[in-house]
Amino acid sequence: MKKNKLLLVSLLSVLSFSLSSCQKKPNHIEVHGLEEMVLLYIKTFSKTFVQDDITVRWETNYSSKSKFTERIKGNTGYLLEERKKGYSDEYITFRETWSFIDENGEMISATKTHFDENLEAKEETSYKVGSEAYGATYETYYKYFFIAENFDSYLKPNSKEGGETDYSTDMVYIGEIYNHSNYFSYMDDWYDFAAWHTDNGDIEFSLHGDTDPETELVKNACIHFTFPSEAYSPLDEVHEVFTFKMSYGENEKIELPDISSWENKASL
């Protein structure tokens, strides 16, 4: 996934994509088709995905059971997962995960779980070593946006991701940018990417939100998807809505735990 992300972002260096610093942004951009939509999506998120000081907060709106805060500072990441306690609006810490490279150059993913599945007091600590473990927990938020880049692959049969039925035909893909700041300086710009099946209402995807007109960084996002129950869903859900808020430049340093007494799961 990380390799694909880098390839997609680097692709921008060879794109000539209608805008330049000396030109006024068009009021509205609209593209049709999978390839065109993905290219516009890459253009919109390119600066956000390469930020090395970013905080991303997100939660699941459909199940409303968990919310997450991920802080990235350089090659170090901290992910906090909070879960709703019973039927109340109170969230409590469920799991903390640190992704970092230690003084010996080892890639580490360390996890502290505070509560069990019944939200009873319990603490477990462990870590794994290696690029695979580190890559699975560093920049976790990106896996949700990965759906936009590869939505069609989940609908194809006999592929690594797809199920047994071909749902990839009769799909509509649209990408749009609305530069509201051209009219009102106090407004953010707006993006909207959508895909749906013309004959199957159980297949749809949307990604929309705001970008800062000056920095071109994404400020927030909403991802909604629906898959048929028999198709492959990349997040093990057939229907879900996620909302994201991004902020930048607020992480001076991420404090790392002392894992010298933690269980090394890679050695099991």
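About the cut-offs
Residues numbered from 1 in each chain as written. Predicted model: local features only at pLDDT ≥ 70, side-chain atom pairs only at ≥ 80, totals over all residues. Heavy atoms only, no water. Bend = angle between axes of the 7 residues up to and from the residue. Helix = DSSP H or I, 4+ residues; strand = E, 2+ residues; numbered from the N terminus. Buried < 20%, exposed > 50% of the residue type's maximum accessible area, 1.4 Å probe, protein only. Salt bridge = Lys/Arg side-chain N within 4 Å of Asp/Glu carboxyl O. Core = buried A, V, L, I, M, F, W, Y, C linked by side-chain atoms within 4.5 Å. Contact = heavy atoms within 4.5 Å. Pairing = 2+ DSSP bridges. Patch = residues over 30% accessible without salt bridge, like charges linked within 9 Å, V, L, I, M, F, W, Y side chains within 5 Å. Areas by Shrake-Rupley, 256 points an atom, 1.4 Å probe, with all protein chains shown as cover.

Visitor: What am I meant to see in helix α2 (residues 34-49) here?
Guide: In an α-helix there are 3.6 residues to a turn, and that puts residues three or four apart on one side. At lysine 43, α2 shows its largest kink, close to 35°. Listed in full, the buried residues belonging to α2 are Met37, Val38, Leu39, Leu40, Tyr41, Ile42, Thr44, Phe45, Ser46, Thr48 and Phe49.

Visitor: Where do I start with the pattern of salt bridges in this structure?
Guide: Close approach of charged atoms lets side chains of opposite charge pair. Under the definition given, this model contains ten salt bridges. The partner of glutamate 250 in a salt bridge is arginine 57, with the nearest N and O atoms 3.5 Å apart. Taken as a pair, glutamate 250 in the loop between β12 (239-248) and β13 (263-264) and arginine 57 in strand β2 (residues 53-60) lie far apart in primary sequence, 193 residues in all. Judged by its relative accessible area of 34%, arginine 57 falls in the partly exposed class. The salt bridge partner of arginine 95 is glutamate 81, with a shortest N-O separation of 3.3 Å. Pair noted here: arginine 95 is in strand β5 (residues 91-101) and glutamate 81 is in strand β4 (residues 76-84), with a separation of 14 residues, a long-range link. For glutamate 81, a relative accessible area of 10% translates into the label buried. Salt bridges here are not isolated pairs; linked through shared partners, they connect Arg57, Arg71 and Glu250.

Visitor: Please explain helix α4 (residues 142-150) as it appears in this structure.
Guide: In terms of burial, α4 is a largely internal element, seven of the nine residues being buried. For α4, the set of buried residues is Tyr142, Tyr144, Phe145, Phe146, Ile147, Ala148 and Glu149.

Visitor: Which parts of the structure should I look at to understand the environment of glutamate 263?
Guide: Within the secondary structure, glutamate 263 is located in strand β13. The spatial distance from the C-alpha of glutamate 263 to the C-alpha of tyrosine 127 is 6.3 Å, given a sequence separation of 136 residues.

Visitor: Sorry, what's going on with the nonpolar core here?
Guide: The tendency in soluble globular proteins is for nonpolar side chains to be buried as a group. Counting 47 residues, the largest nonpolar core has Phe145, Phe151, Leu207 and Phe244 as its most contacted members. Examining the composition of this core, we find that seven residues originate from one element, α2, more than from any other. Sequence-distant contacts of phenylalanine 151, that is, excluding residues within four places in its chain, are made with Met171, Tyr173, Ala195, Ile203, Glu204, Phe205 and Phe227. The next biggest cluster of nonpolar side chains, apart from the first, holds ten residues, and it includes Trp98, Ile108, Tyr127 and Ile259.

Visitor: Teacher, can you tell me more about unusual backbone geometry here?
Guide: If a residue is not glycine, its phi is most likely negative; likewise, a peptide bond is most likely trans. Backbone geometry at glutamate 139 places phi at a positive 55°, although glycine is not the residue there. Note on placement: glutamate 139 falls in the loop between α3 (131-137) and α4. Positive phi is not limited to glycine here, since glutamate 216 has a value of about 65°. Residue position: glutamate 216 is located in the loop between β10 (204-211) and β11 (218-226).

Visitor: Can you walk me through the pairing of β10 in this structure?
Guide: As a general feature of sheets, a regular strand has side chains that alternate between the two faces. Pairing of strand β9 (residues 189-197) with β10, which is carried by eight bridges, proceeds in the antiparallel orientation. Note that in β10 the partner of tryptophan 190 across the bridge is aspartate 210. As paired strands, β10 and β11 are joined by eight bridges and run antiparallel to one another. Looking at β11, one finds that phenylalanine 205 is bridged to phenylalanine 225. Linkage of β10 to β11, two consecutive antiparallel strands, is achieved through a turn of six residues, within which glutamate 216 is found at a positive phi near 65°.

Visitor: Just checking my understanding: could you explain the pairing of β11 for this structure?
Guide: Summarising burial for β11: seven of the nine residues are buried, a large majority. Where β11 lies against β12, seven bridges are found, and the strand directions are antiparallel. The residue bridging phenylalanine 225 from the neighbouring strand is glutamate 240, located in β12.

Visitor: Looking at this model, I keep getting lost on a nonpolar patch on the surface. Mind explaining?
Guide: On the surface, Tyr183, Phe184 and Tyr186 cluster together into a nonpolar patch covering about 420 Å² of accessible area. On the basis of relative accessible area, phenylalanine 184 is assigned to the partly exposed category, the value being 41%.

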